[in-house]
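Okay, here's what each chain looks like letter by letter:
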Amino acid sequence: MKHSIALISALLFLCLFCIPNKAKAQANNQYNVLGSFVFQNNVYNYTYKQTTNGSASFQIEQIEGINTDTIKSAETKLNGLKEFLKANADSLKIDTAVYDKHIDSVSYFLESGVKMFKASTNHLDSILAPLKTIATNLGSSTDTAKTNKLAAMIKTVSDVKTLTEQASSDQKPQLVTNMDIETFKLAFKNQLAKFVDVAALKIDADVVNRLATDKFVEIQARIKFKDDQPLTAYLQLLSKQVNVYTEDEETSKRPPIVMNIDDIQFEFESGTIKNIYAQFSKVDDPQQKFFFQNTIPISISGKFASTQFFKNRIFAINPKQIHAAFKGRTNPKDDDIYFRLNEVIRYVLFLETQKEDYSPEDKVYRLSSLQTSVELKKQLRSKILTVKAFTDFNGMGGDKPNGLIQFEASLHANIVTYHKQVGKTNFAFVSGSDLLGTLNKIDDNHKYLQLTSDELNKEQLAKNVKMFGVRPIELLRYQSSGVSVYSNIIKYSIPDFATSMSLNSGYGIILTSVSDSLKIVDGVATKIGTADQRTIYSRIFNANVSIEFSPDSRYGFKITYGNNWLGVKNTDVVLSPDASSRLAVLEFSGFLRTNDDSKLFFRWRNSNELHHPQFSYNQVQVGYIVDIFKATK
């Protein structure tokens, strides 16, 4: 018993006492606080960074798209320029084809949304420079109307350039040495002034001061407050609009379609963004809605995962609807209509020392034009350890060694969370690993495996050596505790059927309590009055295949078949010569969620020696998966 208690205590110590130490490391790191606020009916994101030496920076970014009327006005002006140059090509001595090429490029970038505006600047300069030269050469021409028209065209191009520069300008953060409340207020006002002319709009200065004070208090509270869920990342919306590509953007000559972002939901699970469900609308007709979703889970556990977002295409659910709504702007033969994830969200990690897994808790988050920033937190520390408490019905009769009270404690770690898509299914390799500790026998019912003279090795007996040969199934039946590590090798998921198939393997050590009352004298076993009670160790290797059906978070079940290879390395107990070390194991398990903090689970398991099926061991277990650390409300 003392070996069992020591084993479980060691597992609990590692799980519980090592976890807070990681939290302490957080105090030595740079603090990044990201959030959002609404001012004058516009949404703004902010980023606050503070280092341990007291220096800090603060930046505000406006979450805004470009008004479609503004773009149409710019395109109208450019078309007017094109017509003017065509009509006056001979008198101005210009090649209109060169100008047309630059004008068409600017129109393409304008239609491609605000993210592409910066790319149009060079083309606008290529139009402006020669036009200004022509205007200089005309000087005080007698054709006043043409001179004035040319001046108006130059102003038109300058206005379009100003529009693109303002829309695509990079806002830089304000750096300060010591960020107290007054310094923060000043930084806040300076950053906000890039977007809002407070004086011109006659906004009361106290309104801005109160908003700055609220944000300062909020930021300081988020830095100082240490809750049971450590922060792991921030998720931010980059814009109110998105570029939707109707063909491969690297080869297509069609500009992307700009849509308004209404709402995007992100479901995080097991180190991935399992599901993305986005709702967009037509810019000039917001009542027309379009829906997009991912086709494969997206890895998010590693620190470099978000740098690969540019590879993630999120596809339209009903591409034919988009073909109909944007006739002439799509290829009706190509249904691969998508947007790129990196153009929509910013994923900022909250760095900590001794941390490699940055995946948030399993939860659904939502971003919209009104909620542009959310905090992503790790699993509750109190839920990192999953504990099962259960009984085995086969032990209730009193004639079998199945434990009446048993416990399992497990820790799960994400490893490689990248998935490979194959049609509507996907693969993952070595996606996770579990550390499992078990306490199989607390009660005294058949606690010890009784070793008799029938199990003595005859050759060793003749040498006055007490060595027993036991069957591996008996070591399992009388197992008192154990610790093991299980890893997923391959996981094949079929989302349409809410089913996954896995190939898994594991390695562990099991402890079995044995007892004998024999003494060897001159090659003869004699029974004595005192029992020699001890614990023996066995190594066990496992490989299995499982099929899991999980249609709903409230219930699910799994079927597993595999083999265990058991080896015994003890001085006085070995496997019987006629026994097989290989055991076949068939298991059926399931759960039913009864509330937010616990699940009812059941498990039936049959283990038997592969070549001697008459030696078998049945388990019928029912119990609860509980949050044993949850505080009572």
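Residues numbered from 1 in each chain as written. Predicted model: local features only at pLDDT ≥ 70, side-chain atom pairs only at ≥ 80, totals over all residues. Heavy atoms only, no water.

**A word on the pairing of strand β25 (residues 524–552)**
As judged from the 22 bridges shared by strand β24 (residues 499–521) and β25, these two strands associate in the antiparallel manner. Considered in β25, the bridge of S513 is made with T535. Here β24 folds back onto β25, and the loop between the two strands holds two residues, one of which, D522, carries a positive phi near 55°. Looking at chain direction, β25 and strand β26 (residues 555–568) are connected through 13 bridges and run antiparallel. When the bridges of β26 are listed, N544 appears paired with G562. Taking the residues between adjacent antiparallel strands as the criterion, β25 and β26 are bridged by two residues. (Pairing = 2+ DSSP bridges. Helix = DSSP H or I, 4+ residues; strand = E, 2+ residues; numbered from the N terminus.)

**Let's talk about the environment of K569**
Position of K569 relative to the elements: it lies in the loop between β26 and β27 (573–575). Classification of K569 as exposed rests on a relative accessible area of 64%. Between the alpha carbons of K569 and Y537 there is a distance of 6.9 Å; along the sequence they are 32 residues apart. Contacts of K569, omitting those with residues within four sequence positions, involve Y537 and R539. (Buried < 20%, exposed > 50% of the residue type's maximum accessible area, 1.4 Å probe, protein only. Contact = heavy atoms within 4.5 Å.)

**Observations regarding the packing of aromatic side chains**
Overall, the coordinates contain 26 aromatic pairs when judged by the stated rule. Here the aromatic rings of F268 and Y365 are separated by 5.7 Å at their centres, their planes lie at 80°, and the arrangement is edge-to-face. One end of the pair, F268, is in strand β7 (residues 257–269); the other, Y365, is in strand β14 (residues 363–368), and 97 residues separate them in sequence. Residue F268 shares its accessibility class with Y365, and that shared class is buried. Look at F292 and F339: their rings are 5.6 Å apart centre to centre, the planes differ by 70°, and that puts the pair in the edge-to-face class. Linking F292 in strand β9 (residues 285–293) with F339 in strand β12 (residues 338–340), this pair joins segments that are 47 residues apart in sequence. The buried category is assigned to F292, whose relative accessible area is 0%. Grouped by ring-pair contacts, the aromatic residues F37, Y44, Y46, Y48, F58, F184, F188, F195 and F216 constitute a single cluster. A cation sits over an aromatic face here: K388 above F601, 4.9 Å from the ring centre. (Phe/Tyr/Trp six-rings, centres within 6.5 Å; stacked < 30°, edge-to-face > 60°. Lys NZ or Arg CZ within 6 Å of the ring centre and 35° of its normal.)

**Observations concerning the sheet that holds strand β4 (residues 174–176)**
Overall, antiparallel pairing links the four strands, which are arranged β1-β2-β3-β4 in an open sheet. With partners counted over all chains shown, the strands left at the sheet margins are β1 (31–39) and β4, one partner each. Neighbour to neighbour, the strand axes of the sheet diverge by 20° on average, direction disregarded. Sheet analysis places strand β3 (residues 56–63) next to β4, joined by three bridges and oriented antiparallel. If you follow F58 over to β4, its bridge partner there is Q174. Along the sheet, helix α8 (residues 181–192) contacts β1, β2 (42–50), β3 and β4; its crossing angle with β3, the most-contacted strand, is approximately 30°. Packing against the sheet, helix α9 (residues 205–224) makes contact with β1, β2 and β3, and its axis sits at approximately 150° to β1. (Axes fitted to C-alpha atoms, helices over the stretch in contact; angles between N-to-C directions.)

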